[in-house]
Amino acid sequence: MTAPATNEKQVPPPAHVEDSASFDKGSGPAYANLTALAQAAANDHPTRRLQAIRVYWRAFLWCLFMCMGALLWGYDSQVGGGLLSVPSFRRDFGYLDDAGAYVLPAKWQSAFNSVSSIGGMFGGLSLGYVSDKFGRRGAVALCCMVSITGIFIQFFTYPHRNAQLIVGKLINGYALGMYVSGASSYCAEVSPLALRGITTASVNLWIDLGQFMSNGVIEGTGNFNSAYAYRLPFALQWIFPVLLLAGLPFAPESPWWLVRKGRIDDARKILTRLAGPVTTDVDLQLQQIKETIELEDTYAANSTYADCFRGINRKRTIIASMVFILQQAAGVVFVLGFSTYFFELAGFQDSKSFRLGVGVTALGVAGNLITFYTVNRFGRRVIFNWTMFACTILLLLIGFLAIPTSQNARWAMASFTLVYNFIYQTGIGPLGYVIFAEVSSAKLRSKTVGLGILTNSLCGMVMNIVIPYLVNPDEANLGGKVGFIFGGLAAVGTVWAYLYIPETKNRTVDEIDLLFERGVSARHFADYNLNEEDPVAEKI
């Protein structure tokens, strides 16, 4: 979006802006009339974060609203591990062992925690078709209906009908994958440049809030003796798809989708509505969208998932997927998804485990709020790389602390778990959603984002299957020593991130296109001058 005229002191636009807009990209057909791209880029660059929030507060709030579905992703991912610690849940879905305790088999635990990821894979993959055909709002409406159905099945599951519970989580998981994918695409398309990092990072904020809410609910209901100890946590999920359905008729559709469908007048109305009474060049914004789409159409009039793996788009798709692989390599499922259960295995009482779980997610929310400032202040690449390195050190420390069996060591592990979550949620967590939304091309965004969520779900499924076998006393019984495994994986991931994660801060859609097309190394994205004739090529 283009910033309005203001009386505030403006920073001169970079000298390369006009070049980035007028460059004849690649060997495809020339598209000469790119003035709108240059003008819009020149106006977008000097827009400051607070100024953009004041001017485009409608776009900002609607992006936050459309991200609400991501809360259910976080809630579902956390409630699974939390319910494993609820005595009545173990009683109703487990079996009585020889020692007189109710136990949930490791195989069923893996299925219970991973089935949502399976549904999320199909949900993320189908987003490209659903979103392109019915629009961003239509995709969210479908998510809400599917989610309400899945929650209904879970709530009315009676004891020992384990298969029914799995089916309900699978159906809900499909909606969750579409929720997160759709939210990222919507934020990237509705937000002005100055707010793009904040709104895309807010996807992870909603996930954090969902995890926090989940732990709070488990804390409040976990000691109930009745089935409502686990039914209430399921039932509370109904609130959010209902709220989304109530607000969707008033939510603006993505102007990018409207232009692609030839609904130019509707797109102009949306841009005018998002700008409000402030004077802004809506026609310039609209022309920018049209010319970017026409420019991309010079390469292919239609797009398929196969296009995500052709040419330079292959590199962009790999980066969009790798940010989520790195999240899983950094042990997020181990530290966060199983935190409550892990605390109990370490010897803490039920009440202390619940409180520690709530504390873990509360710090995560605080860390994500800090990201709203740091993402534009320090950039995506710097924060992602440093937090990846810090999480590597913390995972290794957790592993070393698991060797002694003293109570002090257990409390130290719990403390590092809290620190880990804070660091993770100030970097790797939210910036994954920023980077994968920004590195994709506008034409393939919904498909690339869907593939990223598919990768996220697939990795989450694998981790949820493997980790119970690593942690549980009746299996590998590694406990906190699992930190050594993920510490090693995170170390490798840190090296990869340094080599391949680009800096997209303050880069417009057209500039990011040009940087990828020139083969610029990720390490040079931030300082590369687009007027240079000899690009620094890098192949992956």
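This one's a predicted model, so the numbers in the text were calculated from it and none came from an experiment.

> Please provide a residue-by-residue account of the environment of W256, values included.
Assignment of secondary structure puts W256 in helix α12 (residues 255–260). The class of W256 is buried, set by a relative accessible area of 10%. With residues near it in sequence (within four places) discarded, W256 still touches E189, I289, T292, I293 and A442.

> Would you mind going over unusual backbone geometry in detail, with residue names and values included?
Positive phi, normally seen in glycine, also occurs at H160, with a value near 70°. The residue H160 is located in the loop between α7 (106–155) and α8 (162–190) in this model. Assessed through its relative accessible area of 52%, H160 is described here as exposed. We note that N506 has phi near 60°; this positive angle belongs to a residue other than glycine. One can find N506 in the loop between α23 (482–500) and α24 (509–517). Under the relative-accessibility criterion, N506 is labelled partly exposed at 41%.

> Can you explain the packing of helix α5 (residues 69–83) against α8? Please cite residues and give values.
Between α5 and α8, whose axes approach to 8 Å, the crossing angle comes to 135°. Between α5 and α8, the crossing angle belongs to the class labelled oblique. The element α5 and its partner α8 pack so that their crossing is left-handed. Across the interface between the two elements, G69, A70, L72, W73 and D76 of α5 pack against K169, N172, L176, G177, Y179 and V180 of α8.

What counts and what doesn't
Residues numbered from 1 in each chain as written. Predicted model: local features only at pLDDT ≥ 70, side-chain atom pairs only at ≥ 80, totals over all residues. Heavy atoms only, no water. Helix = DSSP H or I, 4+ residues; strand = E, 2+ residues; numbered from the N terminus. Buried < 20%, exposed > 50% of the residue type's maximum accessible area, 1.4 Å probe, protein only. Contact = heavy atoms within 4.5 Å. Axes fitted to C-alpha atoms, helices over the stretch in contact; angles between N-to-C directions. Parallel < 35°, antiparallel > 145°, perpendicular 65-115°, else oblique. Left-handed = near helix turned anticlockwise from the far one by under 90°.

Everything listed is a geometric property; what it means functionally is a separate question.
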